[in-house]
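One letter stands for each residue in the lines below.
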Amino acid sequence: SRKISLSWPRRLLEVFAGRRPVALVVVVALAPQIIAPILRPDVTNKPKVLLITLDTLRLDYVGWAGFEEFPTTPRLDQLAASGAAFTGTISQSSWTKPATATLLTGLVPNRHLAIGRPASGSNLKLPGRVRTLQEAFASGGWFTAGVTTTPNISSAFRFRQGFMRFGENTTINAENA
């Protein structure tokens with residue numbers, strides 16, 4: 001008799017699925033969507049969190065930071081009045097991608113490695129193994145959503161990681177926003 005060798009994952013699937021490995025794969029694939037709502041912590045009494053990051057904005061031109069010459073940031077001023085605003089910060093990088101990756105991972109650029117520019121040929125993406133702020137919030141039961149208008153903070157560089165919804169429009173500018 002001829003012996004057919006199956007890989008261990010397929011053998012395991014056949015044992016549990018009665019020779020129908022596709023059925024088990026579907027059940028396993030849907031398990032997180034079935035189990036997560038049951039195990040997800042209740043967030044009804046938790047505060048809403050809105051993190052706004054702005055690229056190339058001077059603090060001395062922001063209303064809530066003291067600029068009174070004309071209303072440059074009225075909506076941000078309203079948010080700052082009812083929330084927390086930080087004026088004393090230090091960036092881990094002089095440009096958007098690594099600075100934002102540090103903010104979202106808590107790691108310095110040489111640890112998260114989202115430091116490269118397309119022309120340099122160096123690492124361009126946030127590694128999938130790195131846990132992000134949005135993943136931490138999601139594991140705590142929060143709904144996470146992200147919106148970006150900069151190509152440096154896009155799904156192409158894995159900044160979508162951990163967001164349940166992620167919108168990006170890298171063609172928008174201040175004049176047509």
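Residues numbered from 1 in each chain as written. Predicted model: local features only at pLDDT ≥ 70, side-chain atom pairs only at ≥ 80, totals over all residues. Heavy atoms only, no water.

S.K.: I'm lost on the overall build of the chain in this one. Help?
M.R.: The secondary structure content of the chain amounts to 6 helices and 2 strands. Counted from the first residue to the last, the chain has its helices and strands arranged as α-α-α-α-α-α-β-β. A buried classification covers 23% of the 177 residues belonging to the chain. Residue pairs at least 24 apart in sequence account for 39% of intrachain contacts in the chain once pairs closer than 6 positions are excluded. (Helix = DSSP H or I, 4+ residues; strand = E, 2+ residues; numbered from the N terminus. Buried < 20%, exposed > 50% of the residue type's maximum accessible area, 1.4 Å probe, protein only. Contact = heavy atoms within 4.5 Å.)

S.K.: For this particular structure, what's the right way to read the packing of aromatic side chains?
M.R.: For any pair of aromatic rings, the description consists of the separation of the ring centres together with the inter-plane angle of the planes. Scanning the model with the defined rule gives 4 aromatic pairs in all. Between the aromatic rings of Phe-67 and Phe-70, the centroid separation amounts to 5.3 Å while the plane-to-plane angle is 90 degrees, which identifies the pairing as edge-to-face. Aromatic side chains Phe-137 and Trp-142 sit 4.9 Å apart centroid to centroid with 85 degrees between the ring planes, which places their arrangement in the edge-to-face category. Ring-pair connections join several aromatic residues into one group, and the members of that group are Tyr-61, Phe-67 and Phe-70. For the cation-ring pair, Lys-97 lies above Phe-157, with the distance from its terminal atom to the ring centre recorded as 3.6 Å. (Phe/Tyr/Trp six-rings, centres within 6.5 Å; stacked < 30°, edge-to-face > 60°. Lys NZ or Arg CZ within 6 Å of the ring centre and 35° of its normal.)

So yeah, pure geometry; function would need other evidence.
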